[in-house]
Amino acid sequence: MESGLSARDRVGVQDFLLLDNYTSEAAFIENLRRRYKENLIYTYIGSVLVSVNPYRELEIYSKQHMERYRGVNFYEISPHIYALADNSYRAVRTERKDQCILISGESGAGKTEASKKVLQYYTTMCPTRNNTQSIRERLLQSTPVLEAFGNAKTLRNDNSSRFGKYMDVQFDYKGAPIGGHILNYLLEKSRVVHQNHGERNFHIFYQLLESGDGALLKRLGLDRTNPQQYHYLVKGNCPRVSSISDKNSWKVVSKAFTVIGFNEEEVEELLKVVASVLHLGNTQFGEDEYGETHLTTEMPIKYVSELLGVEGSYLSEALTHKKIVAKGEEMIGPLSLEQAVSARDALAKAIYGRTFTWLVQKINQSLAFQDEVYYTSKCSSVIGLLDIYGFEVFQNNSFEQFCINYCNEKLQQLFIELTLKSEQEEYEAEGIGWETVEYFNNKIICDLVEEKFKGIIAILDEECLRPGDACDLTFLEKLEDRLGGHAHFVTHKLANGKIRKAVGREEFRLLHYAGEVNYNINGFLDKNNDLLYRNLKEVMCQSSNQIMKECFQTDELTDQRRPETAATQFKLSLAKLMDILMSKQPSYIRCIKPNDAKQPGRFEEVLVRHQVKYLGLMENLRVRRAGFAYRRSFEAFLQRYKPLCPDTWPNWQGKLSDGVSTLVKHLDYKAEEYKLGRSKIFIRFPKTLFLTEDALELKKPTIGEREKRLIMIQSWWRGVKGRRRAKRRRQAADTIRNLIKGFILRNEPRCPDNEYFLDHVRFSFLMTIKRNLPKSVLDRTWPRPPMRERGRFTQALTHFLFSSQLEQKVVASGIFRGQKDNYPQSVPRLFVGTRLSLDFIGGNESKIKQRIDYSSLLGISVSSLSDGFFILHVPPADSKQKGDLVLQCDHVIEAVTKLAVMADKIHSVNISQDSIKFAIARGKEGVIDFTYGAELRVVKTKNGHLAVVRIIQSHTKPINHLDKILSL
C-alpha cells in the first residue's frame, strides 16, 4: 500500500488513517472524490474497506487479479475487495477462528455486487475436493434465485435487495468450501400489494410474464402481452422495463434452479404460487344493495383456487367473511369492502412471504454439507457474509424504515464495540499502552427502541394486543405519554416551535446516531400485527399445492397462542444475528453510491456526505486514529525503507527489532512520533510516514544501479540453480529407468541393463546388515542374502517396491513433503508392522486406557515443526471419549501415515504453522502453540496454552533411491 503514497497529491491516500486532518469531514470526502475520479473505488479505514459504486464494469475482477491478492499481506498492495476476502480466508485457515464480513450501505451502493465478488473469490481461489464443485456452483447460483424473488426496481436501484441476507460459507480442513447456510431478514412483503410511484414489484413476476413459454403461461392463466393488466403490478405506475433484461434474467434463474437441485415439478409448483398472487390481486369486490361485500370478478378467483388446489367457494367465502372463535364457539361475520380488500392483500403477502421462507429453506437443504458428524465437530470453519440494508431516510418513513434503522443502530453499536476491542487487543499484544477513547455510545437509542416494557417496540405490541379501539393515533399518544422528555424522541405535540414545523401531527422523530428521522405512524399497528383471518388460514391448510402444504400447516389452527408481532420477531432475529456476529472475527465493507442518477464518473458531494454520516465512517476513523495512524510489522517496514540507512542496506543480519530501531534512529524519528511493539512499529503521525516515503523517492535513483547489478546477480544465480535442478532431475530419471529396467531383467544373466539394479540389491543388503546387525546367528530377523535365496529375496524386494511399504511412503510424501520439518529424515527409514514391545503386546505391563474406532476419527492435526506431537480429533458428542487426544511419538510421520491410511483420513490431516486447537471434556477447548527456540521445551504459558518449543534443524536431504523416486 505504501507504493501509492508517492502519488497521494493526485489520487489521495489509500488509507484514511493517513489523513493529516482526520477529524475533517471535508478532507475525508475530498480524498474519496480524488480516488473515484481515478477509478480507484476502494479505500481503507484501517481494516475497514470503503467501496464507491462505479456504475460501470471495471477491469479489476479477473482471475489474474484474484491471483494477485491471494496470500498477500492485507496492506501490501492497493486496496481491493479481494484483499479483504483473502485476509478473512487466511485468518480462518491459520487461526481456526470463524470470520464474518459485514456489508452495508444505502440501496444502490453496491452491497449485493460486493457480496457476489467475495463469494466468487472463494469459489474460484479456494482448493477443491472431489465433491465440492457442485457446492461451489450452488453457492453462486443461490444468488440469482434469491434476487428474482427478493429484489425489485426502486427509485434508487434497479436491483434493490428488499430483504436482509446472512450467508455462512463452510470450509473444511484443507480450506475447500463444503457447504453453506442462509438466514433472511424482514422481506418487504408490503411491496407485493403496493409499490411507490416509479417502482416495481419483485422481479419474478415480470420475468415469468416476459419469458415463460406459451404452454406454461396458459396453464397458469397468464397473458404475457402486458404486465400492466395485473393490479399488483401497476401500483407503482412504473414504465415497463426492457423485456430483454427480464428474459435474460429468467434464463439465469432457470439455470440456477437446475443447479440448486429443483426438479421440474417443484419449479412449476413454485410458479403456480407466483401466478396465484397475480390473480389474487385482480380479485375485486363490491357491495350489493344491502351493503354486503361480494366478489365482482369470477375468473381470477377461479385461477387462484385451481393453482393453489383449494375449494373456490370456500376461498370466496373466506375473502368476504371472517371467523371468530370465542369460548369454543365459532361466529362468522361479513367483512366491509375495505376489510375484504385488506384480507385479500394480507393473504397475498402471507402466501408470498411464506413461499420466500420456503425457498430459502430449500436452498439451504441444497447447500447443506452432508457429513453432519464432520461439520458439527471442530473440523470445519465458517466465513459469514452479511448483506443488510443500510440506514434509510425517505420523504415518508414507515414501519419498514423503523425496523431497518433499528437494525443499523444495533450494527453501529456492534461496529464501534468490536473496533475498540480489536484496537485494544492489538495494543496489548504489542505491549503498547492503551488509552481510553471517548465515543458516542448509541446504547441509549437502542434501549429507546428495544427495552422491555419501556421501549417503542414494547409499547407498539402493547397497543396491538390490548382490547378496545386501538389505532395508530392511540399508539402515538401512548408514545408521547411514556417517552416524553427522552433526549432522542420528539413528536409534534412535544416539540418546541422551530422543530414542531418539521414534525407532522402523525409522526414521531428519533434522533439516531446518523441523524434525525421522522416516522409516519399510519399503518404501524396493521404491519406489526401482520395477521391473517382464521378462515383464510383454514382454506390454505387444505391446499394440494406441495409448497403451500409446507407453508400453511394445521398446527397453526390448534395453537391457541397469539403469534409474535412482526416487530418482536425482527427484534429476536436481530438479537440472534448479533450473537452470531459477536462469535466471529469481523471485517467490514462500507458501500457508498456517488450519485442518484446511476451515472459513472459523477460524484455528488452532498449525497456522499449524507452516507458518510449514516455509515458512521468519521466516528470509526476517529476511534482508529485515537492512538497511532500507521502500524506495520518489523519485517515489512524494514524491507521497504532499509535503503535509507547504510547500516540496514542492502540486508540487515540481526534481529528485526534492532534493525527497525537502527533505521528510525538514522531517520531521526522523535520519541513522541513512534513506538516499537513486540513485532510491529507504531507511527503516530501521517506526516512522519510521508517524510519517510518522500526520502525513499529521492533515494531511488541512487540505488537504481545497485538494484540492476543485484538483479543481474540474482538472474545468474537463478540460472545456475535451474541448471543444477535440471541435472538432478535427469539423473533421477536415469536412476529410475535403470532400476525399472534392471528389475524387469533381474532373473537374466548379468548384463549392462540389469547390473545397476543387481548392485543396488547387494548394496542395500549390506547396508541393512550394517544398520541392523542381529545379535545372534540364530536370530530369525537375520536378513536373507540375495545370492543364496535369490528368488525369495527378489520376491521380498518386489513386495517392498510395489506393495504396502511404497504405498505408505507415497501417502507420507503426499501429506508431509514440504510441510513438516522432520519429514526428510523419515524417508530412508522403513515403516514397520509394530513398534510395541513384546511385553506390551502380551499385556504384561500396560492396559488400554482409551479405545477409538477408526470410523469415529474425524481428523488428525500436527505442527509443521520437527516435534513428535499429534492430535486425534474425535466427535464431541461421544460420551465414551474424554475429548481430543494429544499424543507424542518419536516416529510421528510413520504413526500419522498409518493412522490416516487405516482410518481413511488421508485428506483430513491438518498441518498447522503455529498453533492447534483441540477439544477437551465438557465442551472446553485447548490450544498448543508451536515455536522455534534454542532448546527443546514443553511448558504451559500464562494464557493457559501449551507451548512446544523446537530446536531449529538443518534440512539435510538423505541420499536414497526411494527418496529420489518419491521426490519426483
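The protein chain appears in an unreviewed UniProt entry as Myosin motor domain-containing protein from Pygocentrus nattereri. Check the Sequence similarities (unreviewed entry) section of the UniProt entry for the protein chain; it says "Belongs to the TRAFAC class myosin-kinesin ATPase superfamily. Myosin family." The UniProt entry for the protein chain carries the following comment under Subcellular location (unreviewed entry): "Cytoplasm, Cell cortex".

Trainee: Describe in detail the sheet that holds strand β21 (residues 869-873), supporting the description with residues and values.
Mentor: Note: strands within a sheet are paired through backbone hydrogen bonds, in either parallel or antiparallel orientation. Ordered by their spatial adjacency, 4 strands build an open sheet running β22-β21-β20-β23, and the pairing between neighbours is mixed. Two strands bound the open sheet, and with one partner strand each, they are β22 (885-888) and β23 (909-912). Each strand of the sheet is rotated relative to its neighbour by a mean of 25°, with strand direction disregarded.

Trainee: Please provide a residue-by-residue account of the environment of Asp867, values included.
Mentor: Within the secondary structure, Asp867 is located in the loop between β20 (859-863) and β21. Counting along the chain gives 45 residues from Asp867 to Asn822, while the straight-line C-alpha distance between them is 7.8 Å. Aside from chain neighbours lying at most four places away, what touches Asp867 is Lys820, Asn822, Val892, Phe930, Val948 and Arg950. Polar side-chain contacts of Asp867 include one of 2.4 Å to the side chain of Ser863.

Trainee: An account of the packing of helix α6 (residues 133-150) against helix α13 (residues 337-367) is needed here, citing residue identities and associated values.
Mentor: Relative orientation of the contacting elements α6 and α13 amounts to 175°, with a least axis distance of 10 Å. Classified by the angle between their axes, α6 and α13 sit roughly antiparallel to one another. Between α6 and α13, the contacting residues are Ile135, Arg138, Leu139, Ser142, Val145, Leu146, Ala148, Phe149 and Gly150 on the first element and Tyr352, Phe356, Leu359, Val360, Ile363, Ser366 and Leu367 on the second. By residue class, the composition of the contact of α6 with α13 is 12 nonpolar, 3 polar and 1 charged.

Trainee: Hey, could you go over a positive patch on the surface for me, with residue numbers and the actual values?
Mentor: On the surface, Arg718, Lys721, Arg724, Arg725, Arg728 and Arg729 cluster together to form a positively charged patch. Turning to its location among the elements, Arg729 is positioned in helix α29 (residues 686-744). With relative accessibility at 54%, the residue Arg729 sits in the exposed group.

Trainee: Outline helix α32 (residues 804-816), listing residues and values.
Mentor: Under the 1.5 Å per step criterion, the end-to-end length of α32 is 18 Å for 13 residues, consistent within 8% with the ideal 18 Å. Restricting attention to buried positions, one finds in α32 the residues Gln805, Gln808, Lys809, Val811, Ala812, Ser813, Ile815 and Phe816. Note on α32: the residue one or two positions beyond its end, Gly818, has a positive phi of about 75°.

Trainee: Can you break down helix α10 (residues 264-281) residue by residue, with the values?
Mentor: Along its 18 residues, α10 runs 26 Å from first to last C-alpha, staying within 8% of the 26 Å computed at 1.5 Å per residue. In terms of burial, α10 is a largely internal element, 13 of the 18 residues being buried. Between the side-chain oxygen at the start of α10 and the backbone nitrogen of Glu265 there is a gap of 3.2 Å, and the oxygen is on Asn263.

Trainee: Hey, could you go over the pairing of strand β3 (residues 99-105) for me, with residue numbers and the actual values?
Mentor: Side-chain positions along a regular strand alternate between the two faces of the sheet. Counting buried positions along β3 yields 7 of 7 residues, so the element is predominantly enclosed. Every second residue of β3 is oriented toward a common face, with Gln99, Ile101, Ile103 and Gly105 on one face and Cys100, Leu102 and Ser104 on the other, all of them buried. In the sheet, β3 pairs with strand β12 (residues 381-387) via 5 bridges, with the strands oriented parallel. What sits directly across from Ile101, in β12, is Leu385. Sheet analysis places β3 next to strand β16 (residues 585-592), joined by 7 bridges and oriented parallel. The partner of Ile103 across the bridge, within β16, is Ile589.

Trainee: Now, about the UniProt feature "binding site: ATP" (unreviewed entry) in the protein chain: what can you tell me, with residues and values included?
Mentor: The UniProt entry lists Gly105, Glu106, Ser107, Gly108, Ala109, Gly110, Lys111 and Thr112 under the feature "binding site: ATP" (unreviewed entry), expressed in the numbering used here. Within the fold, Glu106 resides in the loop between β3 and α5 (111-125). When neighbours within four sequence positions are excluded, Glu106 is seen to be in contact with Lys111, Arg156, Gly390, Phe391, Cys591, Lys593, His610, Gln611 and Tyr614. On the secondary structure map, Thr112 appears in helix α5. If we ignore the near neighbours within four places in the chain, the residues touching Thr112 are Glu147, Ser161 and Asp387.

Trainee: Account for the side chain of Lys584, with residues named and values stated.
Mentor: Summarising the element assignment, Lys584 is placed in the loop between α24 (566-582) and β16. The side chain of Lys584 sits in the buried core without any salt bridge; Asp98 is the nearest counter-charge, 4.4 Å away. Non-local contacts of Lys584, meaning those with residues more than four positions away in its chain, are made with Asp98, Gln99, Cys100, Tyr166, Asp168 and Val382.

Trainee: How would you summarise the packing of helix α7 (residues 203-211) against α10 if you had to cite specific residues and measurements?
Mentor: Interhelical geometry of α7 versus α10 gives an angle of 100° and a closest axis separation of 10 Å. In this view, α7 runs roughly perpendicular relative to α10, as classed from their interaxial angle. Together, Ile204, Phe205, Leu208 and Leu209 of α7 and Leu271, Val274, Val277 and Leu278 of α10 make up the contact between the two elements. Along the lines of polarity and charge, the residues of the contact of α7 with α10 split into 8 nonpolar, no polar and no charged.

Trainee: Quick rundown of the sheet that holds strand β15 (residues 515-520)? Include the residues and the values.
Mentor: Taken in spatial order, the 3 strands of this open sheet run β13-β14-β15, and their pairing is antiparallel. Every interior strand has two partners, whereas the edge strands, β13 (489-491) and β15, have only one. Between one strand axis and the next, the sheet turns by 25° as a mean value, whatever way the strands run. As defined by bridge partners, strand β14 (residues 507-512) adjoins β15 across 6 bridges and the pair is classed as antiparallel.

Trainee: Give a detailed account of the side chain of His203, specifying residues and quantitative values.
Mentor: When you line up the elements, His203 lands in helix α7. You can call His203 buried: its relative accessible area is 9%. For His203, the side chain forms a polar contact with the side chain of Asn159, separated by 3.0 Å. Filtering out sequence-adjacent residues up to four positions away, His203 remains in contact with Glu147, Ala148, Asn151, Ala152, Lys153, Asp158 and Asn159.

Procedures and definitions
- Residues numbered from 1 in each chain as written.
- Predicted model: local features only at pLDDT ≥ 70, side-chain atom pairs only at ≥ 80, totals over all residues.
- Heavy atoms only, no water.
- UniProt positions renumbered as here; feature names shortened; annotations may be inferred.
- Pairing = 2+ DSSP bridges.
- Helix = DSSP H or I, 4+ residues; strand = E, 2+ residues; numbered from the N terminus.
- Axes fitted to C-alpha atoms, helices over the stretch in contact; angles between N-to-C directions.
- Contact = heavy atoms within 4.5 Å.
- Polar contact = N/O pair within 3.5 Å; in protein donor to acceptor, adjacent residues only side chain to side chain.
- Parallel < 35°, antiparallel > 145°, perpendicular 65-115°, else oblique.
- Nonpolar A, V, L, I, M, F, W, Y, C, P; charged D, E, K, R; others polar.
- Patch = residues over 30% accessible without salt bridge, like charges linked within 9 Å, V, L, I, M, F, W, Y side chains within 5 Å.
- Areas by Shrake-Rupley, 256 points an atom, 1.4 Å probe, with all protein chains shown as cover.
- Salt bridge = Lys/Arg side-chain N within 4 Å of Asp/Glu carboxyl O.
- Lys, Arg positive; Asp, Glu negative; His and termini not counted.
- Charge placed at Lys NZ, Arg CZ, Asp CG, Glu CD.
- Buried < 20%, exposed > 50% of the residue type's maximum accessible area, 1.4 Å probe, protein only.
- Expected span 1.5 Å × (residues − 1).

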